[in-house]
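# A closer look at the structure
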Amino acid sequence: MPNRSRTASPPTLVPLLRGRLRPYAPQIALLLALQLVQALGMLLLPALNADIVDHGVVRGDTGYILRQGGLMLAATLVQATAAAAAVYLGAKTSMGLGRDLRSALFGRVQGFSAEEFGRFGAPSLITRTTNDVQQIQMLIFVLLTLLVTAPLMGFGGIAMALRQDTALTGVLVVAIPVLVAAVSLVIAAMTGPSQLMQGRIDEVNRVLREQITGIRVIRAFVRERGEHERFGAANTALTGVAQRLGRLQAYFGASAITVSSLASVAVVALGGPRIVDDDMQAGALIAFLNYLAQILIAVMMAMSVFVLAPRARVAAGRIKEVLDTEPATIGAAPRDAAPAPSPQADGPPGRLDLSGVVFSYPGAEHPVLHGVDLSVRPGETTAVIGSTGAGKTTLVKLVARLLTPDEGSVRIDGTDVRDLDRGALARTIGLVPQRAHLFSGTIASNLRYGDPDADTGRLWQALEIAQAADFVRGLPDGPDSVIGQGGTTVSGGQRQRLAIARALVARPRIYVFDDAFSALDTATDAAVRSALDEHLGDAARLVVAQRVSTIRSADRIVVLDAGRVEAVGTHDELVAASATYAEIVDSQLVPEEAS
Ligand SMILES: Nc1ncnc2c1ncn2[C@@H]1O[C@H](COP(=O)(O)OP(=O)(O)OP(=O)(O)O)[C@@H](O)[C@H]1O
C-alpha cells in the first residue's frame, strides 16, 4: 500500500478561510464601522452639493454657500479619513492572512517525505506558497474594501437618487441590469483562463528551476538553444493566458464605462428639458448624476469580486490540497499515543536493525527492496555494496524515515522508527547524503546545523576528522567564510567533507554515509575513514558505497543485488562465498592493489 497520501476535497475558498479569519475579527469589525462612515459620507455629499446649487447658487446666497460648503468639506474630510483607515485595515488583514497561509504551507511542507515532494514537485509547492496565496490575499483585500461600501452605496444611492427625482429612476432600471449582464458575460469568459493561469505559472517555474540548477550540463552539452526554446514555449503559453485575461479585464472596464456614460447621457437628455420647463431643479440633476455614478461604481466593485474569485478559488484548492496532505512518513503522527523515549537519552548506543523490509515506489510495478534484513551494531561498521540501481539509496531513506517500508520494520534499539518523534530520530541518526546540500551562510553555520550550540573547538575537531581542516584554514575567513547557496562555491569533494563534518558536529549515535566518500580521491577517502574509526568510538556506522576500497575493512558487508540481500560477511568471507561480490572486487580492486 505505497500511496498513503490523502488529497484535498474539491477546490473551495470557504473551508480554507474558515477559522483563519477569526483572529482578525476585531480589526474587521472596526473596518466595517469605518466603511459605514465612509459610505454615509459619500451618500451625503451629492445631496449637500444639490442643496448648495439649488438654494445657494440659484438665489445668490453667498453665506449659505459658505456654510454648506464648510459642511461639505467636513463631510469629505471625515469620509476620506474613514476610507483611508478602512483600506489600511483591509490591507493589514489580508496581508496577515497571507502570512498565516504561507506559514501553514511551510509547516506542512516541512513534514513532507520524498513521496509528497515527488507528487507536487518543488516548483509547484513554491508557486502555491507565493502566487496562490497572493491570489487569496487580493480577493480578501477587495472583499474587505467593499463589504459595507458597495451595498450601502448601491442601495443607499438608489434611495437617495429616488429622493432627488422619481421620474429619472427609469434610467437606473435599465442601466443596472444591462451593466450586470455585460459584466457577467465577461466574468464567465474569464473562468477558464483563470483556472489555467496557476498551472502555467507552475510550468514556467518548473522549467526555470530545472534550467538554473542544470546550467552546467546545459552548457557542457551546448543545449542553450534547445533550452531557450523550451523556456520560450512555457513563457509564451503563460503570456497567452495572461493576455486573454488582460483583454477580458479590459472588456470589463470598457463595458462599465460605456453603460455609465450612456446612462449619464440619458439622464441629461431626459432631465435637461425638465429643468428648462421648471419641472426639475439643476442641483437635483447634478445630484442624480452623482448618485448614478456611485450606484454603477458599487455594482462594478461587487462584480470585481467575481473577477478575482475564479482564480482565487483555484488557488485555494491548490493550497488546501497541500494542507490536507498527510505526510506518509516523517510528518505522520507516531503510531502509539505517547512518543517513544529518545534512544539517545536513556538507551544504549544506537543499534539499527532492518527486518524483512519491502518497499515499492508509488506506481512502480515491482518493489525496489524485497525483504531486506540488515543490522548495524554500536561501534561497528556495516557496509552495503551493490551495483547502481540496486536500492542502496532507497535503503538509506528508509533508515532516515524519509520513506516508510510497505512491509517489515526499521528499528533503532528495538523501537520502530515510526514510533520515534522526529527530533529524537534526527539526533540519533547522522545522515551524510549522496548529494550533500549546504545552505547559504558560513561554513560554521552549516556545521552547526545539527547542533547550534557546538563550540568552535568541536567544529575544528569535526573538520580535522573529515580532512577538511586544511582547506577551511586556507580560506580568507576560515570557518566564517561565506559559501554560496547550495554549496556552489566549494568543490564536490570539499562539499562532501563539509557534510561529513556537519554530521560529526551533531554527535549522533548512528552514522549513515550514503556514498559519501565517492567524490574523494582514494587517499583522502582512506584518511577520512581511518580518522572516523579512531574517533567514532561506540557509534554505529552504516556505509553505502560502490567502491570496494571504501568498505573492505567493514565489520560486515551486505551485498545488495536488485533489491535483495545476496550475501553478508567480511571482505575475505565474501570474496570466497559471493559471486557478485567477487565480480565487483575483480572489476575494481585488482588495479588498485597492483599499484
Ligand atoms: N523516487 C523514485 N520513484 C520511482 N522509482 C525510484 C525513485 N527513486 C529510485 N527509484 C528506483 O529505485 C531503484 C533503486 O534506486 P536507488 O537510488 O535506491 O539505487 P542505488 O542503489 O542507490 O543506485 P546508485 O548507486 O546509482 O545511487 C532504481 O531502479 C530507481 O530507478
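Calculation criteria
Residues numbered from 1 in each chain as written. Predicted model: local features only at pLDDT ≥ 70, side-chain atom pairs only at ≥ 80, totals over all residues. Heavy atoms only, no water. UniProt positions renumbered as here; feature names shortened; annotations may be inferred. Helix = DSSP H or I, 4+ residues; strand = E, 2+ residues; numbered from the N terminus. 1 Å grid on protein atoms, 1.4 Å probe; cavity = no way out; pocket = protein on both sides within 12 Å on 5 of 7 lines; lining within 4 Å. Points joined across faces, edges and corners; volume = space filled by probe spheres on them. Pairing = 2+ DSSP bridges. Domains from an automatic or database assignment. Contact = heavy atoms within 4.5 Å. Buried area = accessible area lost by both parts, 1.4 Å probe. Salt bridge = Lys/Arg side-chain N within 4 Å of Asp/Glu carboxyl O. Polar contact = N/O pair within 3.5 Å; in protein donor to acceptor, adjacent residues only side chain to side chain. Nonpolar A, V, L, I, M, F, W, Y, C, P; charged D, E, K, R; others polar.

In the numbering adopted here, UniProt assigns the feature "transmembrane region" (unreviewed entry) to residues 28–48, 68–91, 138–162, 168–190, 250–272 and 284–309. End C-alpha atoms of residues 138–162 are separated by 35 Å, and the span's content is 92% helix alongside 0% strand. Across residues 284–309, the secondary structure splits into 100% helix and 0% strand, with the terminal C-alpha atoms separated by 38 Å.

Here we take up empty space enclosed by the protein. Under the defined criterion, the tally for this structure stands at one cavity of 30 Å³ or more. As a volume, the largest cavity reaches approximately 30 Å³. What lines the largest cavity is simply Asp515, Ala516, Phe517, Ser518, Val544, Ala545, Gln546, Arg547 and Thr550.

Let us now look at the pairing of strand S4 (residues 407–412). Direction of pairing for strand S1 (residues 352–359) relative to S4: antiparallel, over a ladder of five bridges. The residue bridging Val358 from the neighbouring strand is Glu407, located in S4. Bridge count between S4 and strand S5 (residues 415–416): two bridges; the pairing is antiparallel. Each bridged residue has a counterpart across the sheet, and for Ile412 the counterpart in S5 is Thr415. Linking S4 to S5, which pair antiparallel, is a turn of two residues; within it Asp413 sits at a positive phi near 50°.

Interface size is commonly expressed as the accessible area that is lost once the parts come together. According to the domain assignment, the chain consists of domain 1 (13–323) and domain 2 (343–437 + 510–594). Between the C-alpha centres of domain 1 and domain 2 there is a distance of 58 Å. Across the boundary between the two partners, domain 1 contributes five residues, which contact four residues of domain 2. Overall, the association of domain 1 and domain 2 removes approximately 330 Å² of surface from exposure, summing both partners, and the carbon and sulfur fraction of that is 60%. Broken down residue by residue, the surface that domain 1 buries against domain 2 is led by Ser113, Ala114 and Glu115, which jointly contribute 76%. One can count zero salt bridges joining domain 1 with domain 2. Counting across the interface, domain 1 meets domain 2 through zero residue pairs in polar contact (both at pLDDT 80 or more). By residue class, the composition of the side of domain 1 that touches domain 2 is one nonpolar, three polar and one charged.

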